[in-house]
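Geometric and topological summary
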Amino acid sequence: YAVKMIDVEGLQFTKKHRESLRLEIRNMSELHHPKIVNLHCSYWEHGHCFLVLDLAKCGDLHGRVESEVRSTVPPFKGLGGCEDAREK
């Protein structure tokens, strides 16, 4: 398992963020499939929300998608012809 800790009392975490998080937890708790990272439980304690999730053994999805895009997407030939979609 993996535990994700979210600081819900942080300066940038608004009431709207809190409501969105509760909705996301509710949605995730209803989904169970072998091809997704499943939520096993969540709890709130001392200004933090903890999510107990399946462990993604191959790393995070963002890193994997980013590396696949870098290896397959050709550079963007935009207005000036020198832009590269792979660079930030």
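Conventions adopted
- Residues numbered from 1 in each chain as written.
- Predicted model: local features only at pLDDT ≥ 70, side-chain atom pairs only at ≥ 80, totals over all residues.
- Heavy atoms only, no water.
- Core = buried A, V, L, I, M, F, W, Y, C linked by side-chain atoms within 4.5 Å.
- Buried < 20%, exposed > 50% of the residue type's maximum accessible area, 1.4 Å probe, protein only.
- Contact = heavy atoms within 4.5 Å.
- Helix = DSSP H or I, 4+ residues; strand = E, 2+ residues; numbered from the N terminus.
- Polar contact = N/O pair within 3.5 Å; in protein donor to acceptor, adjacent residues only side chain to side chain.
- Pairing = 2+ DSSP bridges.
- Axes fitted to C-alpha atoms, helices over the stretch in contact; angles between N-to-C directions.
- Expected span 1.5 Å × (residues − 1).
- Patch = residues over 30% accessible without salt bridge, like charges linked within 9 Å, V, L, I, M, F, W, Y side chains within 5 Å.
- Areas by Shrake-Rupley, 256 points an atom, 1.4 Å probe, with all protein chains shown as cover.
- Salt bridge = Lys/Arg side-chain N within 4 Å of Asp/Glu carboxyl O.

In this structure, Ile 6, Val 8, Leu 21, Ile 25, Met 28, Leu 39, Cys 49, Leu 51 and Leu 53 together form the largest nonpolar core, which totals nine residues. Not counting chain neighbours up to four residues away, the residues in contact with Ile 25 comprise Leu 39, Ser 42, Trp 44, Cys 49 and Leu 51.

Inspection of the secondary structure assignment puts Asn 38 in the loop between helix H1 (15-30) and strand S2 (39-45). In this structure the side chain of Asn 38 is engaged in a polar contact, spanning 3.3 Å, whose partner is the backbone oxygen of Ile 36. Polar contacts involving the side chain of Asn 38 include one to the side chain of Asp 54, which spans 2.9 Å.

A separate point is the pairing of S2. The pairing of S2 with strand S3 (residues 48-53) spans six bridges and is antiparallel. If you follow Leu 39 over to S3, its bridge partner there is Leu 53.

Strands belonging to one sheet form pairs held by backbone hydrogen bonds; the direction of such a pair is parallel or antiparallel. Strand order in the open sheet made by the three strands is S1-S3-S2, with antiparallel pairing throughout. Strand pairing shows two members of the sheet lacking a second neighbour, strand S1 (2-7) and S2, which therefore form its edges. Averaged over all adjacent pairs, the angle separating strand axes in this sheet is 15 degrees, with direction ignored. The sheet contacts of H1 involve S1, S2 and S3, and relative to S2 the element is tilted by about 150 degrees.

We now examine H1. The end-to-end C-alpha distance of H1, which contains 16 residues, comes to 23 Å, matching closely the 22 Å that a straight helix rising 1.5 Å per residue would cover. Check the buried side of H1 and you find it contacts S1, S2 and S3.

With that out of the way, let us pick up a nonpolar patch on the surface. A cluster of nonpolar residues, Leu 61, Val 65 and Val 69, forms a patch on the protein surface that exposes about 270 Å² of accessible area. Note on placement: Leu 61 falls in helix H2 (residues 61-72). The class for Leu 61 is exposed, based on a relative accessible area of 66%.

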